Amino acid sequence: MNRKELDPTASPRESFGALLRSSREALGWTQQDLAAASGYSDSYISAVETGRKSTSRDFVRAVDKALGTGQTLELMWVGMRRKGFLEGFPEHAAQEARAAEIRIFEPNLIPGLFQTKAYASAIEAGAVHRGSSTQDQAEERVKFLDATATPQARSTARGPCGDRRECPPKAGGW
């Protein structure tokens, strides 16, 4: 059996996965047993247990019911979702700090450390207005930008046909 050792202190996902695994094993169940009882695949359960996938409230409720854990897993999941940073952000920021080159495509959002304080403030104000973030969480995220060095970046823009020289004459510019 290929079994990944979990480090519950590594991330909220791994912490949740460790609790899910220990709850399942306390009943003597395999991932296949939990899959049959919850309606989710054993490969999905494995990915959640090892922290490779985040999950939904529906999944958490289904496994809480299947394992008979009351709302233990759901309460942990809710707490995990209400952290000051979005899930994965601290790990992403640490990777950005070590990166020699970053390649990313996000057409509608300026990512991470490339945000100006004003831009990040506007994004976070929208999140607070929508109710997906608290004011304290928004301020904490924006404050993070003050503690980081300004990144240096180069970019390459390509048109819809790749290199502009390859575009058909009627396609026009971009």
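This section reports on the structure supplied with the text.

For the chain, the count of helices and strands is eight helices and zero strands. Helices (α) and strands (β) of the chain occur, in sequence order from the N terminus, as α-α-α-α-α-α-α-α. Put simply, the chain has 174 residues, and 30% of those count as buried. Within the chain, residue pairs in contact and separated by at least 24 positions form 46% of the contacts whose partners lie at least 6 positions apart. If you sum the accessible surface of the chain, you get close to 12000 Å²; carbon and sulfur atoms cover 52% of it.

Right, let's get into the nonpolar core. In summary, soluble globular proteins display a tendency toward joint burial of nonpolar side chains. In this structure, Phe16, Leu20, Leu34, Phe59 and Leu73 are the most contacted members of the largest nonpolar core, which totals 15 residues. Looking at this core, the elements that each hand over two or more residues are helix H1 (12-26), helix H2 (31-38), helix H3 (42-49), helix H4 (57-67) and helix H5 (72-81). Top element by residues in this core is H4. It accounts for five residues. Beyond its immediate sequence surroundings of up to four residues, Leu73 is in contact with Phe16, Leu19, Leu20, Val60, Val63, Asp64 and Leu67.

What follows deals with the environment of Val48. For Val48, the position within the fold is in helix H3. The class of Val48 is buried, set by a relative accessible area of 1%. Considered as a pair, Val48 and Leu20 are 28 residues apart in the sequence and their alpha carbons are 8.3 Å apart. Look past the residues within four positions of Val48 in its chain and what remains in contact with it is Arg13, Phe16, Gly17, Leu20, Lys53, Thr55 and Phe59.

As a further point, take the packing of aromatic side chains. Counted under the stated rule, the structure contains three aromatic pairs. Aromatic side chains Tyr40 and Phe59 sit 4.9 Å apart centroid to centroid with 85 degrees between the ring planes, which places their arrangement in the edge-to-face category. Of the two residues, Tyr40 sits in the loop between H2 and H3 while Phe59 sits in helix H4, which places them 19 residues apart along the sequence. Overall, Tyr40 belongs to the partly exposed group, its relative accessible area being 26%. Seen in terms of ring centroids, Tyr44 and Phe59 are 5.2 Å apart; in terms of plane orientation they differ by 80 degrees. Their pairing is edge-to-face.

A few words now on the environment of Gly126. The topology assignment puts Gly126 in helix H7 (residues 117-130). Separated by 12 residues in the primary sequence, Gly126 and Ala138 have C-alpha atoms spaced 9.6 Å apart.

Checked against the element boundaries, Ser23 lands in helix H1. On the accessibility criterion, Ser23 (13% relative accessible area) is buried. Among the polar contacts made by the side chain of Ser23, one reaches the main-chain carbonyl oxygen of Leu19 at a distance of 2.8 Å. Contacts of Ser23, omitting those with residues within four sequence positions, involve Leu67 and Thr69.

Glancing now at H5. Three- or four-residue spacings in an α-helix give side chains the same orientation, since the helix completes a turn every 3.6 residues. Here H5 has its buried residues at Leu73, Glu74, Trp77, Val78 and Met80. Across the axial projection of H5, the buried residues extend over an arc of 160 degrees, all falling on one side.

For the rest of this paragraph, the subject is H2. The complete set of buried residues in H2 reads Gln31, Leu34, Ala35 and Ser38. Down the axis of H2, the smallest arc covering the buried residues is 105 degrees, so these residues share one side. Following H2 by one or two positions, Gly39 has its phi on the positive side, about 90 degrees.

Analysis parameters
- Residues numbered from 1 in each chain as written.
- Predicted model: local features only at pLDDT ≥ 70, side-chain atom pairs only at ≥ 80, totals over all residues.
- Heavy atoms only, no water.
- Helix = DSSP H or I, 4+ residues; strand = E, 2+ residues; numbered from the N terminus.
- Buried < 20%, exposed > 50% of the residue type's maximum accessible area, 1.4 Å probe, protein only.
- Contact = heavy atoms within 4.5 Å.
- Areas by Shrake-Rupley, 256 points an atom, 1.4 Å probe, with all protein chains shown as cover.
- Core = buried A, V, L, I, M, F, W, Y, C linked by side-chain atoms within 4.5 Å.
- Phe/Tyr/Trp six-rings, centres within 6.5 Å; stacked < 30°, edge-to-face > 60°.
- Polar contact = N/O pair within 3.5 Å; in protein donor to acceptor, adjacent residues only side chain to side chain.
- Arc of directions from axis to C-beta.

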